[in-house]
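Spelled out, the chains give:
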Amino acid sequence: MDDYYTADEEDCYYSSDHDESLGGIDNDDSEFHAASSKKSTTQVITQESLLAAQREDLLRVMELLSIKEHHARTLLIHYQWDIEKLISVFVEKGKDSLFSGAGVTVFDCRYGGDSSSLPSSSSNMSCDVCLEDVVADLMKRMDCGHCFCNDCWTEHFTVQINEGQSKRIRCMAHKCNAICDEDVVRSLVSKKRPDLAEKFDRFLVESYIEDNKMVKWCPSTPHCGNAIRAEDDKLCEVECSCGLQFCFSCMCQAHSPCSCLMWELWRKKCRDESETVNWITVHTKLCPKCYKPVEKNGGCNLVRCICGQYFCWLCGGATGKEHTYRSIAGHSCGRYEDDKERQMERAKRDLDRYTHYHHRYKAHTDSSKLEDKLRDTILEKVSNSEKKELKLKDFTWVTNGLNRLFRSRRILSYSYAFAYYMFGEELFKDEMSSSEREMKKNLFEDQQQQLEGNVEKLSQLLEEPFDDFSDDKVMDVRIHVINLSVAVDSLCKKMYECIENDLLGSLQSGIHNIAPYSSKGIEQAAEFHASWSSSKPLDSSGTSGETSRPEKASGSRDSEDMVCSSSKKRPRREGSFTNSKVTLLDLNLPADFIDQN
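Model, not experiment: these values are computed from the prediction. (Residues numbered from 1 in each chain as written. Predicted model: local features only at pLDDT ≥ 70, side-chain atom pairs only at ≥ 80, totals over all residues. Heavy atoms only, no water.)

J.: I keep staring at unusual backbone geometry and nothing clicks. Help me out?
T.: Glycine aside, negative phi is the norm for most residues, and most peptide bonds take the trans geometry. Of note, the amide linkage connecting Thr 221 to Pro 222 takes the cis form, showing an omega dihedral of -5 degrees. Residue Pro 257 is bonded to the preceding Ser 256 through a cis peptide linkage, with omega at 15 degrees. Considering the arrangement of structural elements, one finds Pro 257 in the loop between strand S9 (245–247) and helix H9 (260–271). The backbone phi angle of Ser 66 is positive, close to 55 degrees, even though this residue is not glycine. Residue placement: Ser 66 occurs in the loop between helix H2 (50–65) and helix H3 (69–78). If you check the backbone angles, Met 251 has positive phi at about 65 degrees while not being a glycine. Along the polypeptide, Met 251 turns up in the loop between S9 and H9. (Helix = DSSP H or I, 4+ residues; strand = E, 2+ residues; numbered from the N terminus.)

J.: Would you take a moment to explain the nonpolar core for this structure?
T.: Most often, soluble globular proteins keep nonpolar side chains buried together rather than apart. Judged by nonpolar contacts, the single largest core of 55 residues is most densely connected at Trp 266, Trp 397, Phe 418, Met 422 and Leu 504. Elements supplying a minimum of two residues to this core: H9, helix H11 (338–373), helix H12 (375–387), helix H13 (396–422), helix H14 (434–462) and helix H15 (471–503). No other element matches the 15 residues that H13 contributes to this core. The residues touching Met 422, leaving out its near neighbours within four places in the chain, are Met 262, Phe 428, Met 432, Leu 503, Leu 504 and Leu 507. The next biggest cluster of nonpolar side chains, apart from the first, holds 30 residues, and it includes Ala 52, Leu 65, Ile 83 and Tyr 208. (Core = buried A, V, L, I, M, F, W, Y, C linked by side-chain atoms within 4.5 Å. Buried < 20%, exposed > 50% of the residue type's maximum accessible area, 1.4 Å probe, protein only. Contact = heavy atoms within 4.5 Å.)

J.: What exactly am I supposed to notice about the packing of H2 against helix H4 (residues 83–93) here?
T.: How two helices sit against one another is set out by the angle between their axes and by the gap between those axes. The geometry of H2 relative to H4 is characterised by a closest axis approach of 11 Å and an angle of 15 degrees between their N-to-C directions. Put simply, H2 runs roughly parallel to H4. Note on packing geometry: the crossing formed by H2 with H4 is right-handed. Counted together, Asp 57, Arg 60, Val 61, Leu 64 and Leu 65 of H2 and Ile 83, Glu 84, Leu 86, Ile 87 and Phe 90 of H4 form the full contact between these two elements. The class makeup of the residues in the contact of H2 with H4 is 7 nonpolar, no polar and 3 charged. (Axes fitted to C-alpha atoms, helices over the stretch in contact; angles between N-to-C directions. Parallel < 35°, antiparallel > 145°, perpendicular 65-115°, else oblique. Left-handed = near helix turned anticlockwise from the far one by under 90°. Nonpolar A, V, L, I, M, F, W, Y, C, P; charged D, E, K, R; others polar.)

J.: Before we go on, may I ask you to explain the sheet that holds strand S16 (residues 526–527) in this structure?
T.: Working definition: the strands of a sheet are paired by backbone hydrogen bonds and lie parallel or antiparallel to each other. The sheet built from 4 strands is open, its strands ordered S6-S7-S1-S16 with mixed pairing. Edge strands, defined here as strands with exactly one partner in the open sheet, are strand S6 (215–217) and S16. With 4 bridges connecting them, strand S1 (residues 42–45) and strand S7 (residues 227–230) associate as antiparallel partners. Across the sheet, residue Ile 45 finds its bridge partner in S7, namely Ala 227. Helix-sheet contacts for helix H8 (residues 194–210) involve S1, S6 and S7, and the interaxial angle to S6 is about 110 degrees. (Pairing = 2+ DSSP bridges.)

J.: Whenever I open this one, the sheet that holds strand S14 (residues 318–319) confuses me. Can you help?
T.: The strand order across the open sheet formed by 3 strands is S12-S13-S14, and the pairing between neighbours is antiparallel. The sheet terminates laterally at strand S12 (302–304) and S14, the two strands that pair on one side only.

J.: In this structure, what is going on with H12? I would like to understand it.
T.: Note on helix geometry: an α-helix contains 3.6 residues per turn, so any two residues three or four positions apart are oriented the same way. In a regular helix each residue adds 1.5 Å, so 13 residues correspond to 18 Å; H12 covers 19 Å between its end C-alpha atoms and thus fits that length. Residues Arg 375, Ile 378, Lys 381, Val 382 and Ser 385 constitute the buried set of H12. Projected down its long axis, H12 shows its buried positions confined to an angular sector of 125 degrees, all on one face. Exposed positions of H12 whose direction lies more than 90 degrees from the buried face are Asp 376, Glu 380 and Lys 387. (Expected span 1.5 Å × (residues − 1). Arc of directions from axis to C-beta.)

J.: For this particular structure, what's the right way to read H9?
T.: Look at H9: 16 Å from first C-alpha to last across 12 residues, which is about the 16 Å you get at 1.5 Å a residue. All buried positions along H9 are accounted for by Cys 260, Met 262, Trp 263, Trp 266 and Lys 269.

J.: What exactly am I supposed to notice about the pairing of S1 here?
T.: Looking down a regular strand, the side chains alternate between one sheet face and the other. Burial of the side chains of S1 extends over both faces: Thr 42 and Val 44 are buried on one face and Gln 43 and Ile 45 on the other. As paired elements, S1 and S16 share 2 bridges and run parallel to each other. When the sheet's bridge partners are listed, Gln 43 is paired in S16 with Ala 526.

J.: Hey, could you run me through the pattern of salt bridges in this one?
T.: In a structure, side chains of opposite charge can pair up when their charged atoms sit close to one another. Applying the stated criterion to the full structure yields 19 salt bridges. Among the salt bridges present, the one from Arg 186 reaches Glu 182, with a minimum N-O distance of 3.9 Å. One end of the pair, Arg 186, and the other, Glu 182, are both in helix H7 (residues 182–192), 4 residues apart, so they sit about a helical turn from each other. What emerges from the salt-bridge pattern is a single network uniting Arg 55, Glu 69, Arg 73, Glu 182, Asp 183, Arg 186 and Asp 201. (Salt bridge = Lys/Arg side-chain N within 4 Å of Asp/Glu carboxyl O.)

J.: Teacher, can you tell me more about the packing of H9 against H13 here?
T.: Here H9 crosses H13 at 95 degrees, and the two axes come no closer than 10 Å. Put simply, H9 runs roughly perpendicular to H13. Residues Met 262, Trp 263, Leu 265, Trp 266 and Lys 269 of H9 pack against Tyr 414, Ala 417, Phe 418, Tyr 420, Tyr 421 and Met 422 of H13. When its residues are assigned to classes, the contact of H9 with H13 shows 10 nonpolar, no polar and 1 charged.

J.: For this particular structure, what's the right way to read the environment of Tyr 517?
T.: On the secondary structure map, Tyr 517 appears in the loop between H15 and strand S15 (523–524). Taking the C-alpha atoms as reference points, Tyr 517 and Tyr 496, 21 residues apart in sequence, are found 6.5 Å from one another. Leaving out residues up to four positions away in the same chain, Tyr 517 has contacts with Arg 404, Ile 411, Asp 489, Cys 492, Lys 493 and Tyr 496. Polar contacts involving the side chain of Tyr 517 include one to the side chain of Arg 404, which spans 3.5 Å. (Polar contact = N/O pair within 3.5 Å; in protein donor to acceptor, adjacent residues only side chain to side chain.)

If you want it as C-alpha cells, here you go:
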C-alpha cells in the first residue's frame, strides 16, 4: 500500500504514534466552514427569486441613469443583461449613444411636454396606418412621438408576440427603431388577448435567463425550474440545488479535466459508429462487384463473395476462380503500394489507441457506478460501528474518504478522454513535435498511474468489513484511509496543475480551458439573495418604495443536505408567482400548455 505514496507527501501522513493530531484531519468540517464563509461564485435562482434577481439589475440601471423600468429592461436586454458592458458604453460613448443603440427614446419635457400628451378627448385624430379618423382617447403615443390608434397598435403587438419578438417590439412607424413601452403593450393586448399578455410577461421574465450570458437554466431532466448565475467566470462546474452537477460553459455533465471541445468530441466518438466503420476497414475488403464488405475466413487469398464474384484478398482486384496454391490464374499483384498499406496500418493503429483509452475510461466509469451502489452498504457499516462500544466514536473519516473516492474516480475517468486528444493528432498535430509530445505524455501518465494506484487502494480499504474489526484494526484502517485521502487529493491537484501549466498552458490555442480543481469537489451554488434592495416595488418613474426583504426561497437546501444527492430532483411546484403589476405563470410548465390554457 505504501508504494503508492509519493515521496514529497510523506510529511502529510499520520500514524498511530501521534493519534491525537488526527482529530482535525478526519473531519473536513473546519475546512468547509472556512470555504463557505467566502462569497460563492455561483448562485441558484429559483422560481421564487427570479423576479428579485431581475429587479436587482433593473434597479441598479434605473438609479444609475435615472430612467423608467421599461427603459432599463430594454437596455439590459440589448446588452444581454451585462451591466458592466452597459456602464462601459455609457462612460465611453455617452448617454445618447447608449440609448440610440438599444432603441430607447427618453422624451424630454423641455421639448414639448409629456410624450403621452394628446389633444382633448373630444377631438378626432387621423391614424396613419388605417387612415381612419379616431377619437383622441383611442389613440396612443409612444416615447418616440409616433401616434396610432389602439386597434392598429394591438394588431401590431399581437403579430410581434406570436412571432416571438415580444422582448423587443419596435414602433410601427417606418424606419423607427424605438422599443415600445411594455406597459402600453400589456394594457392593450390584455383587453383582447389575455393569453398573449401572459405570454408577453413570461417572455420578459425569461429574458433574464435566455438573453443573459451569466445566467443559464439548470439542464436537469425533468427540469427542476432553477437557473444558475455565475458571478465571476463562466468557466466553472457547478452543482444545482436539485443535485445535478454540470459544466456552466457547455451545459453538459461535469467533465474536467477535459475541455468542453474535448468532451464533445469524445461523446460523439463514443456515441456514433465511427470505430465500427474503422474495424470494418481493417478486417474486411469490399467486393469489386457488389461493394459489400467481405471478411476472410480461410487461408487462401482467392476470396468469393456471396454475389459470386471472385477477387484477390491482397489487392481487392476482380479475378477468375482458377488458381493454385501459389498464384491466381491471370492475376499478379506483387507490386508494393505504399499509400494503401499505410492507410490500413494507420486505421488499425488508431483503432487500437481508441480501444486502449476507451476501455480504461469505461472501466473507471463502471467502477464509479458500482461504488455509488456500495454507499448504503458502507454507511450501514458505519452505523453498526457507532453502536458498538469502541474507543473510536467519530467515523466521519469514512464518509470523507468515500466522497474523496467519488471525486477522484470521476477525475480519473475523464483523464483518459483528455489524454486521448491531448497526445493524439486530431487537435494538437501542429502544436507539438513528436519528441515533445512523447515527453509530455510520459509526464502525464506517471501522475495518472500514481493517482490510479491510490484510488484503487482507497476503494479497497473502504470496502473492508471494518464494523467487524477490533479497536486496533479499526484505528489502523482509519489512518490508512486518511493518508490515502490526503494523497489522492494532492495527486489530483498536481494533475490539474500539470494540465493547466505544462500541457494546455504551453499551447498557442487558448480554446482548451478546464474548470479549476477544488478539494471540496464541485461547488454547490448558493441561494440567491438580493443585495440591491430589489424587493422594493418600482413605480413608473423608477423610484422604489419601502417593503421587506423577500423571504428565503423554499426550493433551496443547505449544503449538508446535498451529500449523495446527484440523483435527487427538486419537486415541481404548482401555482404562480406575482409582481406588483401582473401574475406570472409557473415557468416549469411547457409554453404550449400555458398558451392553450
